[in-house]
Amino acid sequence: MPQSYVHEARRRVGPKRARILPIIERLASEHPDAKIALRYRSELELLVSVMLSAQTTDVNVNRVTGPLFEKYKRPEDYLAVPPEELERDIYATGFFRQKARALRATMAMLLEEFDGRVPRRLDDLVLLPGVARKTANVVAAELGNPQGIVVDTHVRRLSQRLGLTRQEDPIKIERDLQRLVPREHWGLFPHLLIWHGRRVCIARVPRCEHCAVNDLCPSSRV
Ligand code: SF4
């Protein structure tokens, strides 16, 4: 895209600081159901679901965790079975060996360091084996204590298209968003972008004509 066109589009929509709240408000009214798609009933089930969701769909994870959570209710339960049995039980989520190893190591650490409870601080969550910053951010936000902003593939694409960041690296994108998005919206904001990304701002062909924020978006095609 020619630089002059990009510049003109940015000028047309105005500075991102002035656009961020209208973007949040409009997306919130467009997607009132925007929330995590993983099903869980406890902090432990949340942590396990998010760990299993790497490289697969939420639908797939929910299919596996239904029976899984009937069998494994406490951290001890994940350590009480042979590793191969846990691998079989999570097989359908893919990367099952790696995930089973991470789950067992995480459960051991929960028992040893955190009295068997899921910690709420991001700095503690990222210590758990197999829990990267994105996973930790999702868990902390769902526990009502967001300390960062989740950046997945949808958040990254939409933040760039909406002109909220020029970065490519998820950590730098998160930093840009943290400076821009008011803290009380850190938990909701990624869900809004994820749902908008699935329904409207689709990766290959964005449906700009049906987009509630097309007058605030420098990448709009209408
Ligand atoms: S206007 Fe188009 S590119 Fe911009 S957010 Fe909406 S769908 Fe995506």
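### Regarding the overall build of the chain
Okay, so step 1: Within the chain one finds 12 helices and 0 strands.
Okay, so step 2: Overall, the C-alpha framework of the chain stretches about 60 × 30 × 30 Å when taken along its three principal axes.
Okay, so step 3: For the chain, buried positions account for 35% of its 222 residues.
Okay, so step 4: Taking the contacts inside the chain whose residues are at least 6 apart along the sequence as the reference set, 58% of them involve residues at least 24 apart.

### Here we look at the environment of Pro82
Okay, so step 1: With respect to the element layout, Pro82 can be found in the loop between helix H5 (75-80) and helix H6 (83-90).
Okay, so step 2: Linking Pro82 and Arg120, residues 38 residues apart in sequence, is a C-alpha distance of 29 Å.

### Concerning the domain arrangement of the chain
Okay, so step 1: By domain assignment, the chain separates into domain 1 (3-30 + 148-216) and domain 2 (43-142).
Okay, so step 2: A straight line from the C-alpha centre of domain 1 to that of domain 2 covers 30 Å.
Okay, so step 3: In this assembly, 7 residues from domain 1 lie in contact with 5 residues from domain 2.
Okay, so step 4: Here the side of domain 1 that touches domain 2 is built from residues that sort into 4 nonpolar, 2 polar and 1 charged.

What counts, and at which threshold
Each residue is numbered by its place in its chain's sequence as written, counting from 1. Totals for whole chains, interfaces and linings use every residue, but because this is a predicted model, local features are given only for residues with pLDDT of at least 70 and side-chain atom pairs only at 80 or more, for both listing and counting. We count a stretch as a helix when DSSP gives it H or I for four or more residues in a row; a strand needs E for two or more, and each element gets its number in order from the N terminus. Buried, partly exposed and exposed are defined by the number of other C-beta atoms within 10 Å of a residue's own C-beta, namely 20 or more, between the two limits, and 12 or fewer respectively, with C-beta atoms placed from the backbone. Any pair of residues counts as being in contact when their C-beta atoms, constructed from backbone geometry, are within 7 Å of one another. Domain start and stop points were drawn from an automatic or database domain assignment. Following the grouping adopted for this structure description, the nonpolar residues are Ala, Val, Leu, Ile, Met, Phe, Trp, Tyr, Cys and Pro, the charged ones are Asp, Glu, Lys and Arg, and the polar ones are all others, Gly among them.

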